[in-house]
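Overview (structure and organization)
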Amino acid sequence: MPLAPEHAEAAVGDGRSDTDDTLLVVRAAEGDEEAFADLVRLHAPPLVRMATRILGNEPEAEDAVQEALISAWRKLPEFRMQSTFRTWVYRIVTNRCLNVLRSRRPVDHLDSADHVAAPEHTVSPARIAESHAAVDELQRALASLSAEQRACWVLRELDGQSYEFIAQTVGISQEAVRARVFRARRSLTQQLGAWR
């Protein structure tokens, strides 16, 4: 099921509510491929952004999301709506990302992660070099976090998700999420102290 970039702006954050997905989920669970394609168009862009932030590699993130969505399609008839579709599919993608992180060698790269650069004409070469050094340092610091700490930190700090949502997504308690985010923040602060 290919990811549909033509609807990259369509996401749950666009004013839609999770309950808007209910009809699509029911239809998709009954085998309606078009309904599932609509769910993919709505949810894939934020899932790819989140996976890219966790994995630090957009092609790898796209693969992880694609595999997770295929898994979601196969498991959809078993989905009992005890959580929202959004939470359920985020959990599948997050678990896929955690498995990828755990299977990696210790060094990760964030070269393809989204970052906003100032326009070229206003940035000095020294500032560009400093910015690249800071990204490299962040890359090393994030690589030092456990897979679970990294996922919780990315979901909280970069995606702005609530502790409740992260707990449901990762499958741990809110207190465990808070502890992992706290430890990740502390570790990143210590490692990136020179950049403050």
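Not measured: the values here are computed from a predicted model.

What to know about the side chain of Asp21
- As for its placement among the helices and strands, Asp21 is situated in the segment before helix H1 (22-29).
- Side-chain polar atoms of Asp21 contact the side chain of His43, separated by 2.8 Å.

Regarding the nonpolar core
- Membership of the largest hydrophobic core comes to 52 residues, with the highest contact counts inside it found for Phe36, Leu47, Ile54, Leu55, Leu76, Phe85 and Val93.
- Elements supplying a minimum of two residues to this core: H1, helix H2 (33-55), helix H3 (58-75), helix H4 (85-103), helix H5 (125-144), helix H6 (147-158), helix H7 (163-170) and helix H8 (174-191).
- The element contributing the most residues to this core is H2, with 12 residues.

So, unusual backbone geometry
- One non-glycine residue with positive phi stands out, namely Met81, at about 55 degrees.
- Among the secondary structure elements, Met81 is positioned in the loop between H3 and H4.

Brief notes about the packing of aromatic side chains
- Tallied over the full model, the rule gives five aromatic pairs.
- With a centroid separation of 6.4 Å and 75 degrees between ring planes, the pair formed by Phe79 and Phe85 is classed as edge-to-face.
- Given the relative accessible area of 4%, Phe85 is considered buried.
- Between the aromatic rings of Tyr90 and Phe165, the centroid separation amounts to 5.0 Å while the plane-to-plane angle is 80 degrees, which identifies the pairing as edge-to-face. Residue Tyr90 is located in helix H4, and its partner Phe165 is located in helix H7; the two are separated by 75 residues in the primary sequence. Both residues of the pair, Tyr90 and Phe165, count as buried.
- Of the aromatic side chains, those joined through ring pairs into one cluster are Phe79, Phe85 and Trp88.
- Seen from the ring of Tyr90, Arg86 lies directly overhead, with NZ or CZ sitting 5.3 Å from the centre.
- Looking at Arg156, its charged tip hangs above the ring of Tyr163, at a distance of 4.1 Å from the centre.

Details of the confidence of the model for the chain
- With 73% of its residues at a pLDDT of 70 or more, the chain has an overall mean of 79.
- Taking the mean pLDDT of every element in the chain, the minimum, 70, falls on H5 and the maximum, 93, on H3.
- The low-confidence segment residues 1-15, where pLDDT is below 50, has 31 contacts with residues more than four positions distant or belonging to other chains.

Focus on H3
- Taking 1.5 Å of rise per residue, 18 residues should cover 26 Å, and H3 covers 25 Å from first to last C-alpha, within 8% of that figure.
- In the core, the buried residues of H3 are packed alongside H2 and H4.
- Near the N-terminus of H3, the side chain that reaches the backbone nitrogen of Glu60, with its oxygen 2.8 Å away, is that of Asn57.

Basis of the calculations
- Residues numbered from 1 in each chain as written.
- Predicted model: local features only at pLDDT ≥ 70, side-chain atom pairs only at ≥ 80, totals over all residues.
- Heavy atoms only, no water.
- Helix = DSSP H or I, 4+ residues; strand = E, 2+ residues; numbered from the N terminus.
- Polar contact = N/O pair within 3.5 Å; in protein donor to acceptor, adjacent residues only side chain to side chain.
- Core = buried A, V, L, I, M, F, W, Y, C linked by side-chain atoms within 4.5 Å.
- Buried < 20%, exposed > 50% of the residue type's maximum accessible area, 1.4 Å probe, protein only.
- Phe/Tyr/Trp six-rings, centres within 6.5 Å; stacked < 30°, edge-to-face > 60°.
- Lys NZ or Arg CZ within 6 Å of the ring centre and 35° of its normal.
- pLDDT = per-residue confidence, 0-100.
- Contact = heavy atoms within 4.5 Å.
- Expected span 1.5 Å × (residues − 1).

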